[in-house]
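# Results of the structural survey
These are the residues of each chain, in order.
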Amino acid sequence: LDSFGDLEILPPFRNGDQNFPLGRILHGSVESRHSDVALRAFLEAQGVQGPPLYVDTSWLEVGHVDEFVSFMPADTPRGWKLLLASPRLAREILQEYVGRDPANGRRLMFQGKYFYNQTTMRLVAAQRTVDAILADATLMAFNQRIQANITTEFEKIREAAGLTDDEVVEIPFLFQNMGSGESAAYMPGTINLLFYGRTAVVAAPHGPFSDEVDLFEQDMTARLQPFGVTARFAEQWDILHAAEGEVHCGTNAVRQFPTRTRWWEVAR
């Protein structure tokens, strides 16, 4: 329950008289079953990257902040931008795709893929047409509610860091109701990614194809390129997505730490 997808760091920032040269702890599920009291006490005792900024992740089945927010480097005064999950944008992209050519509505998403039903212990075919997904009133209504949750929690981050609209990049994908009202990524959660340098390893989205290119791969590439970030798409559906995880849940990268000083004093 203390998997560290629920423990992230706001990159270095200054907002008014608050200065976090080594970033600020971002932690979720303060009052939910996912948050351990001893861990929370430890985080709150940190003087360099604290006090933690808490956001509610109890509306998520897994309950990790990295399911709807992440960060990327950018050549801006702040040095980074925030990536924010957007079910609303995913729906708009699919609607525009069908609007360009009604035949696109018959194209498949998640072709040849399966979800794993943990209750029945059976594989369930995931593939559906774009039209079927857009016509699924229950799915669309659920995503509207999840969008409201995301917006509420994002506003806490925006206020704490002093973010402006142009410092936020929306990442489109839909969520699904896991049966209890809690949510998990329906489309592969492309926000749950791995950065090393200016490369982002992203879950292959298995969207419909447009001009022989995955529609959502094309969109993700276009969103990151202006900031000098290259998207590389990894196949992870069976080992991670079907188990309610994504790239960030199953990967890590070796980091270089300063060798001549204490890391927590680097910015002093």
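Structure shown above.
Treat the numbers as computed from the prediction; the structure is a model and nothing was measured.

### A look at the sheet that holds strand 6 (residues 69–73)
Ordered by their spatial adjacency, three strands build an open sheet running 6-7-12, and the pairing between neighbours is mixed. Two strands close off the open sheet at either side, each with one partner strand: strand 6 and strand 12 (168–172). In this sheet, adjacent strand axes meet at a mean angle of 35° when their direction is disregarded. Bridge analysis of strand 6 against strand 7 (residues 80–86) gives five bridges, and the strand direction is antiparallel.

### Digging into the pattern of salt bridges
Tallying each qualifying case throughout the model produces eleven salt bridges. As a salt-bridge pair, Arg88 and Glu92 come within 3.1 Å of each other at their nearest N and O atoms. With a gap of four residues between them, Arg88 and Glu92 both fall in helix 2 (residues 87–100), about one helical turn apart. For Arg88, a relative accessible area of 34% puts it in the partly exposed group. Among the ionic pairs, Lys113 bridges to Glu235, the shortest N-O distance being 3.9 Å. On the criterion of sequence distance, the pair formed by Lys113 in the loop between strand 8 (108–109) and strand 9 (114–117) and Glu235 in the segment after strand 19 (230–234) is long-range, its members being 122 residues apart. Through salt bridges with shared partners, one network takes in Arg88, Glu92 and Glu170.

### With respect to a nonpolar patch on the surface
Together, Tyr114, Tyr116, Met121 and Leu123 give the surface a local cluster of nonpolar side chains, amounting to about 470 Å² of exposed area. With respect to the helices and strands, the residue Leu123 is situated in strand 10 (residues 122–125). When its relative accessible area of 60% is taken as the criterion, Leu123 is described as exposed.

### Some details on the packing of aromatic side chains
The geometry of two aromatic rings is summed up by the distance between their centres and the angle between their planes. Applying the stated criterion across every chain, the model contains ten aromatic pairs. Joined through ring pairs, the aromatic side chains of Trp59, Phe68, Phe173 and Phe175 make up one cluster. Residue placement shows Arg78 over the ring face of Trp80; its charged tip is 5.4 Å from the ring centre.

### Notes on the nonpolar core
Core analysis: the largest hydrophobic core is formed by 62 residues, its most contacted members being Phe68, Leu82, Ile133 and Ile157. Broken down by element, this core gets its largest block of residues, nine residues, from helix 4 (residues 137–161). Apart from the residues lying within four places of it in its own chain, the contact partners of Ile133 are Leu94, Met109, Phe110, Arg128, Leu139, Met140, Leu174 and Tyr186.

### Here we look at the side chain of Lys81
With respect to the helices and strands, Lys81 occurs in strand 7. Despite its burial, Lys81 pairs with no opposite charge; the closest candidate is Asp166, at 5.3 Å N-O. Within polar-contact distance, the side chain of Lys81 engages the backbone oxygen of Asp166 at 2.5 Å. Leave out the neighbours within four places in its chain, and Lys81 touches Ser70, Phe71, Met72, Ala74, Thr76, Asp166, Glu167, Val169 and Phe227.

### Quick word on the packing of helix 2 against helix 5 (residues 215–224)
Running from amino to carboxyl end, helix 2 crosses helix 5 at an angle of 120°, the nearest separation of the two axes being 12 Å. The angle between the axes of helix 2 and helix 5 places the two elements in the oblique class. For the crossing formed where helix 2 meets helix 5, the hand is right-handed. Together, Leu89, Ala90, Ile93, Leu94, Tyr97 and Arg100 of helix 2 and Leu215, Phe216, Asp219 and Arg223 of helix 5 make up the contact between the two elements. Of the residues that constitute the contact of helix 2 with helix 5, the class distribution is seven nonpolar, no polar and three charged.

### With respect to the sheet that holds strand 19
Taken in spatial order, the three strands of this open sheet run 15-16-19, and their pairing is mixed. Only two strands of the sheet have a single partner each, and these edge strands are strand 15 (194–196) and strand 19. On average, adjacent strands in this sheet sit at an angle of 25° to one another, irrespective of strand direction. Alignment of strand 16 (residues 199–203) against strand 19, held across five bridges, turns out to be parallel. Among the inter-strand pairings, Ala203 is bridged to a residue of strand 19, identified as Ala234.

### What about helix 4?
The terminal C-alpha atoms of helix 4 lie 36 Å apart, and with 25 residues this matches the ideal 36 Å at 1.5 Å per residue to within 8%. Looking one or two places after helix 4, you find Gly162, whose phi comes out positive at around 70°.

### Some remarks on the side chain of Asp219
In this structure, Asp219 sits in helix 5. A distance of 2.6 Å separates a polar atom in the side chain of Asp219 from a polar atom in the side chain of Arg223. Each residue touching Asp219, except ones within four places of it in the same chain, is listed here: Ile93 and Pro172.

What counts and how
Residues numbered from 1 in each chain as written. Predicted model: local features only at pLDDT ≥ 70, side-chain atom pairs only at ≥ 80, totals over all residues. Heavy atoms only, no water. Pairing = 2+ DSSP bridges. Helix = DSSP H or I, 4+ residues; strand = E, 2+ residues; numbered from the N terminus. Axes fitted to C-alpha atoms, helices over the stretch in contact; angles between N-to-C directions. Salt bridge = Lys/Arg side-chain N within 4 Å of Asp/Glu carboxyl O. Buried < 20%, exposed > 50% of the residue type's maximum accessible area, 1.4 Å probe, protein only. Patch = residues over 30% accessible without salt bridge, like charges linked within 9 Å, V, L, I, M, F, W, Y side chains within 5 Å. Areas by Shrake-Rupley, 256 points an atom, 1.4 Å probe, with all protein chains shown as cover. Phe/Tyr/Trp six-rings, centres within 6.5 Å; stacked < 30°, edge-to-face > 60°. Lys NZ or Arg CZ within 6 Å of the ring centre and 35° of its normal. Core = buried A, V, L, I, M, F, W, Y, C linked by side-chain atoms within 4.5 Å. Contact = heavy atoms within 4.5 Å. Lys, Arg positive; Asp, Glu negative; His and termini not counted. Polar contact = N/O pair within 3.5 Å; in protein donor to acceptor, adjacent residues only side chain to side chain. Parallel < 35°, antiparallel > 145°, perpendicular 65-115°, else oblique. Left-handed = near helix turned anticlockwise from the far one by under 90°. Nonpolar A, V, L, I, M, F, W, Y, C, P; charged D, E, K, R; others polar. Expected span 1.5 Å × (residues − 1).

Function cannot be read off these values alone, since they describe shape.
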